[in-house]
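Chain and residue survey
Okay, here's what each chain looks like letter by letter:
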Amino acid sequence: QVQLVESGGGLVQAGGSLRLSCLASGRTFRNYFMGWFRQAPGKGREFVAAISWSGGARSYEDSVKGRFAISTDNAKNTVYLQMNSLKPEDTAVYYCAATPHDGSGEYTSWGQGTQVTVAS
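These remarks concern the structure in this document. (Residues numbered from 1 in each chain as written. Predicted model: local features only at pLDDT ≥ 70, side-chain atom pairs only at ≥ 80, totals over all residues. Heavy atoms only, no water.)

Turning our attention to the nonpolar core. In this structure, Met34, Trp36, Leu81, Met83 and Tyr94 are the most contacted members of the largest nonpolar core, which totals 29 residues. Secondary-structure elements contributing two or more residues to this core are β3 (18-25), β4 (32-39), β5 (45-51), β7 (68-73), β8 (78-83), β9 (92-100) and β11 (114-119). Each residue touching tyrosine 94, except ones within four places of it in the same chain, is listed here: Glu6, Leu20, Trp36, Phe37, Arg38, Val48, Phe68, Leu81, Met83, Gly113, Thr114 and Val116. (Core = buried A, V, L, I, M, F, W, Y, C linked by side-chain atoms within 4.5 Å. Buried < 20%, exposed > 50% of the residue type's maximum accessible area, 1.4 Å probe, protein only. Helix = DSSP H or I, 4+ residues; strand = E, 2+ residues; numbered from the N terminus. Contact = heavy atoms within 4.5 Å.)

Written out as structure tokens, the structure is:
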């Protein structure tokens, strides 16, 4: 298993920026793809972005393309989600997650979540 701890959430005005961090640990965490998900009040959890530790594979949900950027700092075992031009509809609890290199796309490890609130 992979242990994940998110940080960096907070309250910002619309149009502002935040950078979320996910610290990963565990014996085999380099064998996982990393992802960010979010869950808004009253809604289900949705995919936001994903990345390999090498940075060679990236994907984004359509609504965040051009605004969000996912990246890694391998020396710090950390995955980032840089969020720019934030909108009120981005308000959600953001979760870091990990999926093994088996092609299933099933995320098996999850962080505790960090709250992002975007004010109008």
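Strand order in the open sheet formed by 4 strands is β1-β3-β8-β7, and the pairing between neighbours is antiparallel. Of all the strands in the sheet, just β1 (3-7) and β7 have a single pairing partner and so form its edges. Recorded for the sheet is a direction-independent mean angle of 20 degrees between the axes of neighbouring strands. Sheet topology note: the β7/β8 ladder contains 6 bridges and is antiparallel. Across the sheet, residue serine 71 finds its bridge partner in β8, namely tyrosine 80. (Pairing = 2+ DSSP bridges. Axes fitted to C-alpha atoms, helices over the stretch in contact; angles between N-to-C directions.)

What follows is about the pattern of salt bridges. One pass over the structure, following the stated rule, counts 4 salt bridges. The residue arginine 67 makes a salt bridge to aspartate 90 at a minimum N-O spacing of 2.8 Å. One end of the pair, arginine 67, is in the loop between β6 (58-60) and β7; the other, aspartate 90, is in the loop between β8 and β9, and 23 residues separate them in sequence. Taking relative accessible area as the criterion, aspartate 90 reaches 1% and is therefore assigned buried. Residues joined by salt bridges that share partners form a network here, namely Arg38, Glu46, Arg67 and Asp90. (Salt bridge = Lys/Arg side-chain N within 4 Å of Asp/Glu carboxyl O.)

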